[in-house]
Amino acid sequence: MDNFEQKWLNTQILLKERFGKIPDLEGILFLIGVNELGSLPRKKFSKEQKQDLMHVAVCTLLSQLGYYEFAGRDEDGWPHFIEVEAVPAVGVSDQELVLKECVVRYFDV
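Residues numbered from 1 in each chain as written. Predicted model: local features only at pLDDT ≥ 70, side-chain atom pairs only at ≥ 80, totals over all residues. Heavy atoms only, no water.

### Quick look at the pairing of strand β1 (residues 68-73)
Then comes step 1: Here β1 pairs with strand β2 (residues 79-83) via five bridges, running antiparallel. When the sheet's bridge partners are listed, R73 is paired in β2 with P79.
Then comes step 2: Once β1 ends, the chain turns through five residues before running back antiparallel as β2, passing G77 with a positive phi of about 90°. (Pairing = 2+ DSSP bridges. Helix = DSSP H or I, 4+ residues; strand = E, 2+ residues; numbered from the N terminus.)

Set out below in structure tokens:
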């Protein structure tokens, strides 16, 4: 098992310990988005808000690579980002790998 695969496995174990099951990549993006949003008094998110949370997560993760930069929060507390550099067009499997590598860095296990 190479180093990345071990770190990804460690990240999945960490999430399983915290949440009782291993979430898929979309679930992990949702969790990161909620974490970045911070605590708000709502417990349920609309479908659009869930998509926005995943977008926040992707921007947060890709900011590690210099593609996005945190621009601040709006009046409702939602984080916003500006694109610093265009993300290269790659296939879905390559996109997933890049996001997984960023997730590993985010949780730093």
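Now that the structure has been shown, the text picks up again.
### Observations regarding the pattern of salt bridges
Then comes step 1: By the definition in use, this model includes one salt bridge.
Then comes step 2: The partner of E96 in a salt bridge is K100, and the shortest N-O contact between them spans 3.3 Å. You can see E96 and its partner K100 sitting in helix α4 (residues 92-107), four residues apart, about one turn around the helix. (Salt bridge = Lys/Arg side-chain N within 4 Å of Asp/Glu carboxyl O.)

### Considerations on helix α2 (residues 25-37)
Then comes step 1: Between its first and last C-alpha, α2 extends 18 Å over 13 residues, near the 18 Å set by a 1.5 Å rise per residue.
Then comes step 2: If you check which residues of α2 are buried, you get L25, I28, L29, I32, G33 and L37.
Then comes step 3: In this structure, the buried residues of α2 make contact with α1 (3-19), α3 (47-63), β1, β2 and α4. (Expected span 1.5 Å × (residues − 1). Buried < 20%, exposed > 50% of the residue type's maximum accessible area, 1.4 Å probe, protein only. Contact = heavy atoms within 4.5 Å.)

### A look at α4
Then comes step 1: Counted at 1.5 Å a residue, the expected span for α4 with its 16 residues is 22 Å, and the 22 Å between its end C-alpha atoms agrees.
Then comes step 2: Along α4, the residues that are buried comprise L99, K100, C102, V103, V104 and F107.
Then comes step 3: Contacts from the buried residues of α4 go to α1, α2 and α3.
Then comes step 4: D108 sits one or two residues past α4 and shows a positive phi near 45°.

### Here we look at the packing of aromatic side chains
Then comes step 1: Tallied over the full model, the rule gives three aromatic pairs.
Then comes step 2: Between F30 and F45, the aromatic rings sit 6.1 Å apart at their centres with planes inclined by 80°, giving edge-to-face as the arrangement. In this pair, F30 is assigned in helix α2 and F45 in the loop between α2 and α3, connecting sequence segments 15 residues apart.
Then comes step 3: Between F70 and F81, the aromatic rings sit 5.7 Å apart at their centres with planes inclined by 75°, giving edge-to-face as the arrangement. Of this pair, F70 sits in strand β1 while F81 is found in strand β2, placing the two residues eleven residues apart along the sequence.
Then comes step 4: Judged by its relative accessible area of 44%, F70 is partly exposed. (Phe/Tyr/Trp six-rings, centres within 6.5 Å; stacked < 30°, edge-to-face > 60°.)

### Observations concerning the packing of α1 against α2
Then comes step 1: Two numbers describe how α1 lies on α2: the axes approach to 12 Å, and their chain directions differ by 65°. The angle between the axes of α1 and α2 places the two elements in the roughly perpendicular class. In the crossing of α1 with α2, the sense of the turn from one axis to the other is left-handed. Each of W8, L15 and F19 in α1 lies in contact with α2, whose residues at this interface are L25, I28 and L31.
Then comes step 2: Residue classes in the contact of α1 with α2 are distributed as six nonpolar, no polar and no charged. (Axes fitted to C-alpha atoms, helices over the stretch in contact; angles between N-to-C directions. Parallel < 35°, antiparallel > 145°, perpendicular 65-115°, else oblique. Left-handed = near helix turned anticlockwise from the far one by under 90°. Nonpolar A, V, L, I, M, F, W, Y, C, P; charged D, E, K, R; others polar.)

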